[in-house]
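Per-entry structural report
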Amino acid sequence: MSYAMQLLIHRGDFCHGRTLHPLGLRSLLRTLSSGPRVSRSLRESYQLLHLELPDVCESSPAQVKEAYLRMAKLYHPDSGAATADEAMFARVEEAYRAVLAHQSRLQSCGGSMEEEEEKVKGVAPQHRHYLSYEGVGSGTPSQRERQYRQFRVDRAVEQVLDYRQKEHETAAAAEGALVERDVRQRSRQIKVTQAVERLVEDLIQESMSRGDFRNLSGAGKPINKFEHNPYADPMTHNLNRILIDNGYQPPWIVTQRDIREDIAQIRERLLQGQARLADPMNPREHAQWQQLCGVVADDLMKLNKTVDNFNLIAPMLTLQMVHFSLEREIDRAEKAAFQGRQESKRERVREWEEQRIEREREREKRDKIKTHQHSWQGGLLAWMQNLLK
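Residues numbered from 1 in each chain as written. Predicted model: local features only at pLDDT ≥ 70, side-chain atom pairs only at ≥ 80, totals over all residues. Heavy atoms only, no water.

1. So, the packing of helix α9 (residues 251–275) against helix α10 (residues 283–313)
Viewed as axis vectors pointing N to C, α9 and α10 meet at an angle of 165 degrees, and their least axial separation amounts to 10 Å. Relative to α10, α9 is oriented roughly antiparallel. The interaxial crossing formed by α9 with α10 has left-handed handedness. Seen from α9, the contacting residues are Pro251, Trp252, Thr255, Gln256, Ile259, Asp262, Ile263, Ile266, Arg269, Leu270, Gly273 and Gln274; seen from α10, they are Trp289, Leu292, Val295, Val296, Asp299, Leu300, Leu303, Thr306, Val307, Phe310 and Ile313. Residues that form the contact of α9 with α10 fall into these classes: 15 nonpolar, five polar and three charged. (Axes fitted to C-alpha atoms, helices over the stretch in contact; angles between N-to-C directions. Helix = DSSP H or I, 4+ residues; strand = E, 2+ residues; numbered from the N terminus. Parallel < 35°, antiparallel > 145°, perpendicular 65-115°, else oblique. Left-handed = near helix turned anticlockwise from the far one by under 90°. Contact = heavy atoms within 4.5 Å. Nonpolar A, V, L, I, M, F, W, Y, C, P; charged D, E, K, R; others polar.)

Dropping the structure here:
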């Protein structure tokens, strides 16, 4: 509302015979005295934001905000623009706050006299800008805003600390309730255990009094003690011996044995399949080998799952196993098959050499026999000729 309109309203009040409250009159005088005059710093703030002066044309809050954003894009240090200037941006921000404060004063002064009388009723006159920021701080509006921000931060920290303290108190109370419940459960379990032990002892004594233990095979004989192990608890050692004598094995030992048996069967199958094939494989043999490798890959996948389960229950880290790879097993089978072929080849060469040596010995033996026969026949003929002479 313009200052002339406010003056007319006040004049109309006088004309209709109304009597103004002293505070209202004082507010009117303050409005008339401060309205048309604009300080030089405020004019510079309007000019810095490229806005019309208030005595020429009144700018809306949206226009002021748009002008501030336009200037901030030009001078903000983090905008990345070539015109970025920290000092200039500080001036723009100060001018924006000054313009906003001026517009808020104009809006507050433009209200009706009745509303102003109700606000200041029973309150001493004071500057309007001290009513903001919850009455915290002193100095210029920017200084009071920074002080108010710090006040809000301190208040938030206090609220967070109070909340954490309440949470800790709640957690401590809950933990105390849990501890008390655990103590009650433990005491109840101890009572039940003691009651069961007393019942078992009473049953044993009753059976002994009836003579139920007289016909036992080992009655009156000392108990066979197990061999002493100084590194283990006697009770644990005796229990382990009883389990072993009754054929019990820990699950990880059974799983480890199954893994070794399965991998041995898989390797034997690969070795036999590779040994049946020729060294340069034909297409038919190659297809058979690929089919065998596919079956073995499925078996190895299942075996690796068993290895994972074994690693979870193995008592020591050194007992854990790694996964079996199809490529390594195939290379192992090929090397073993190649060594087998070389060994069989050497065996055949050795047999051939032994057979050749045996044939040579037989031939030499036959030659000696023939030579002896010829010499015997020649000697006999010569003796008969000498006899006939």
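2. Topic: the pattern of salt bridges
On inspection of all chains with the given rule, the structure shows eleven salt bridges. Of the charged contacts in the structure, one is a salt bridge between Glu180 and Arg184, with a shortest N-O distance of 3.4 Å. Separated by four residues within a single helix, Glu180 and Arg184 lie in helix α7 (residues 141–210), roughly one turn from each other. By relative accessible area, which is 41% here, Arg184 ends up partly exposed. Its salt-bridge partner being Glu347, residue Arg350 comes within 2.4 Å of it at the nearest N-O pair. Taken together, the positions of Arg350 and Glu347, both in helix α11 (residues 326–388) and three residues apart, correspond to about one turn of that helix. Judged by its relative accessible area of 34%, Glu347 is partly exposed. (Salt bridge = Lys/Arg side-chain N within 4 Å of Asp/Glu carboxyl O. Buried < 20%, exposed > 50% of the residue type's maximum accessible area, 1.4 Å probe, protein only.)

3. A few points about the nonpolar core
Core analysis: the biggest nonpolar cluster contains 18 residues, and Ile259, Leu270, Trp289, Leu300, Leu303 and Phe324 have the highest contact counts within it. Among the elements that take part in this core, α10 stands out by supplying eight residues, more than any other. Ignoring anything within four residues of it in the chain, the contact list for Leu300 reads Ile263, Ile266, Phe324, Ser325, Leu326 and Glu329. Counting 16 residues, the second largest nonpolar core, distinct from the first, contains Ala67, Tyr68, Val92 and Tyr96. (Core = buried A, V, L, I, M, F, W, Y, C linked by side-chain atoms within 4.5 Å.)

4. Brief notes about helix α3 (residues 40–48)
Buried within α3 are the following residues: Leu42, Ser45, Tyr46 and Leu48. The buried residues of α3 all sit within an arc of 165 degrees when viewed along its axis, so they share a single face. More than 90 degrees from the buried face of α3, the exposed residues found are Arg40 and Gln47. Immediately downstream of α3, the backbone of His50 shows phi near 60 degrees, a positive value. (Arc of directions from axis to C-beta.)

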